[in-house]
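Each chain is listed here by its residues.
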Amino acid sequence: MTTTPPHVIFGTGAIGLAAFEALRRRGETVRLVNRSGHAPVPDGVEVFGGDALDPTFTAAVAEGARVIYQTLNPPYPEWSEQFPVLQAGVLAAAEATGARLVSMENVYMYGRPAGRPFTEDRPYDAHTKKGQLRGRMARELLAAHVAGRVQVAIGRASDYFGPRGGAQSNLGDRVFSAALAGKTATVLGDPDQPHTYTFIPDIGEALAVLGEHPDAPGQVWHLPNDPDTRSTRQLVDIVYQHAGQPRAKLRAMPPLMLRALGLINPTVRELGEIQYLFEEPFIVDSSKIANKLGVQPTPVDVALKQTLTTYRHG
């Protein structure tokens, strides 16, 4: 194995690639790790294939790294079985190498909003299996930091959108592709509730900051969101305007249809558990990372336009 670059990213999905791009903008060298050993990156960038479930492999592939980024995210139906073991594999690599571990999370562990914005000091009150799992995994990482086993910085994003957001994003293929084609967009939940969405390039930039800032370890950081929280419908309207459509066409997927599709599609079946995210105002406050680390969000109008451009030329 060649000399390890100072930054090693486990996972080459939308988030892993956004972190890679943010580090490359800084002139950093990066090694990417996934199962296949292939990723859509420039020639000369190292992409190693292997199983992050194996701590021997993760430690070997990250030996000599200064910062390790955990951006792995198994399919929803495999979360309970795979996610804790994947995290354990990456945590073992950070312990073995002495690298800082930057871990990407979502906000499921908090549970329902209950009429209040989410801040980093919110108790873990998840009522779903996925949320409870996320809570246990977060506690494990923070306990490792407190015990002095490894430096850990945790970044949490809300539902994301942006380049490579794909079909799994509520503001993804079902919205941007539909807008460009003049067809009807489809979203989950109540589109008239205010809902925080996090721009994927902002996630990548923030994870890079968490990897380099001296004050980042030992804390949870909500990754940057535009503080002007709007409803899903308002955001879809902006997308259609940028697409040159006279008006937005939008439908919400009825819960009964979601349940029916879930009978034949395991991933859709798992979505039913997180429908609560879109049933009431869902606002994720990211003022901490803005005020303490200086990481600002891209204005949502700009972010939507940039995302549409990637779909138009994709």
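Remember, predicted model here, so these are calculated numbers, not experimental data. (Residues numbered from 1 in each chain as written. Predicted model: local features only at pLDDT ≥ 70, side-chain atom pairs only at ≥ 80, totals over all residues. Heavy atoms only, no water.)

A. Region of interest: the nonpolar core. Formed by 62 residues in total, the largest nonpolar core has its most connected members in Phe10, Ile68, Leu101, Phe161 and Phe176. Here this core gathers at least three residues from each of two domains, domain 1 (7-161 + 196-228 + 283-298) and domain 2 (173-193 + 230-278). Excluding residues within four positions of it along the chain, isoleucine 68 makes contact with Val8, Phe10, Ala62, Val90, Ala93, Ala94, Thr97, Ala99, Arg100, Leu101 and Val102. With 34 residues, the next largest nonpolar core counts Phe20, Leu23, Tyr160 and Val209 among its residues. (Core = buried A, V, L, I, M, F, W, Y, C linked by side-chain atoms within 4.5 Å. Buried < 20%, exposed > 50% of the residue type's maximum accessible area, 1.4 Å probe, protein only. Domains from an automatic or database assignment. Contact = heavy atoms within 4.5 Å.)

B. Molecular detail of the packing of aromatic side chains. Enumeration over the complete set of coordinates arrives at eight aromatic pairs. Ring geometry for tyrosine 76 versus tryptophan 79: centroids 5.3 Å apart, planes at 75°, classification edge-to-face. On the accessibility criterion, tyrosine 76 (19% relative accessible area) is buried. The interplanar angle of 15° and the centroid separation of 5.1 Å between the aromatic rings of phenylalanine 176 and tyrosine 311 together place this pair among those described as stacked. Of this pair, phenylalanine 176 sits in helix H5 (residues 173-181) while tyrosine 311 sits in helix H11 (residues 300-312), placing them 135 residues apart in sequence. Each member of the pair, phenylalanine 176 as well as tyrosine 311, carries the same accessibility label: buried. Among the aromatic residues, ring-to-ring pairing joins Tyr76, Trp79, Phe83 and Tyr108 into one connected group. The aromatic ring of tyrosine 76 is capped on one face by lysine 130, whose charged end is 5.1 Å from the ring centroid. Lying over the aromatic face of tryptophan 221, lysine 288 brings its terminal NZ or CZ to 4.4 Å of the ring centre. (Phe/Tyr/Trp six-rings, centres within 6.5 Å; stacked < 30°, edge-to-face > 60°. Helix = DSSP H or I, 4+ residues; strand = E, 2+ residues; numbered from the N terminus. Lys NZ or Arg CZ within 6 Å of the ring centre and 35° of its normal.)

C. Focus on the domain arrangement of the protein. Parsing the protein into structural domains produces domain 1 (7-161 + 196-228 + 283-298) and domain 2 (173-193 + 230-278). On a C-alpha basis, the centroid separation for the pair domain 1 and domain 2 is 26 Å. Counting residues at the interface gives 13 residues for domain 1 and 13 residues for domain 2. In total, about 1300 Å² of surface goes out of reach between domain 1 and domain 2, with carbon and sulfur atoms giving 58% of it. Put simply, aspartate 228 and arginine 230 hold a salt bridge, and the shortest N to O gap is 3.2 Å. Across the contact surface, domain 1 and domain 2 share two residue pairs in polar contact (both at pLDDT 80 or more). Per-class residue counts for the side of domain 1 that touches domain 2 are five nonpolar, three polar and five charged. (Buried area = accessible area lost by both parts, 1.4 Å probe. Salt bridge = Lys/Arg side-chain N within 4 Å of Asp/Glu carboxyl O. Polar contact = N/O pair within 3.5 Å; in protein donor to acceptor, adjacent residues only side chain to side chain. Nonpolar A, V, L, I, M, F, W, Y, C, P; charged D, E, K, R; others polar.)

D. Layout of the pattern of salt bridges. Under the criterion given, the structure shown has 13 salt bridges. For arginine 233, the salt bridge is made with aspartate 192, and the minimal N-O distance between the two is 2.6 Å. In this pair, arginine 233 sits in helix H7 (residues 232-242) while aspartate 192 sits in the loop between strand S8 (185-188) and strand S9 (197-199), placing the two residues 41 residues apart along the sequence. For arginine 233, a relative accessible area of 32% puts it in the partly exposed group. With a relative accessible area of 44%, aspartate 192 lands in the partly exposed category.

E. View of the packing of H5 against H7. Where H5 meets H7, the axes come as close as 9 Å, and the angle between the chain directions of the two elements is 35°. Once H5 is placed against H7, the crossing between them reads as right-handed. Contacts from Val175, Phe176, Ala178 and Ala179 of H5 reach H7 at Val236, Val239 and Tyr240. For the contact of H5 with H7, the per-class residue count stands at seven nonpolar, no polar and no charged. (Axes fitted to C-alpha atoms, helices over the stretch in contact; angles between N-to-C directions. Left-handed = near helix turned anticlockwise from the far one by under 90°.)

F. Representation of the environment of valine 30 in the model. The residue valine 30 is located in strand S2 (residues 30-34) in this model. Separated by 24 residues in the primary sequence, valine 30 and proline 6 place their C-alpha atoms 6.8 Å from one another. Setting aside its immediate chain neighbours within four residues, valine 30 contacts Pro5, His7, Ile9, Phe20, Leu23, Val45 and Glu46.

G. Layout of the packing of H5 against H11. The geometry of H5 relative to H11 is characterised by a closest axis approach of 10 Å and an angle of 70° between their N-to-C directions. Comparing the axis directions of H5 and H11 gives the class roughly perpendicular. Seen from H5, the contacting residues are Asp173, Phe176, Ser177 and Leu180; seen from H11, they are Leu304, Thr307, Leu308, Tyr311 and Arg312. Among the residues making up the contact of H5 with H11, the classes are represented as five nonpolar, two polar and two charged. (Parallel < 35°, antiparallel > 145°, perpendicular 65-115°, else oblique.)

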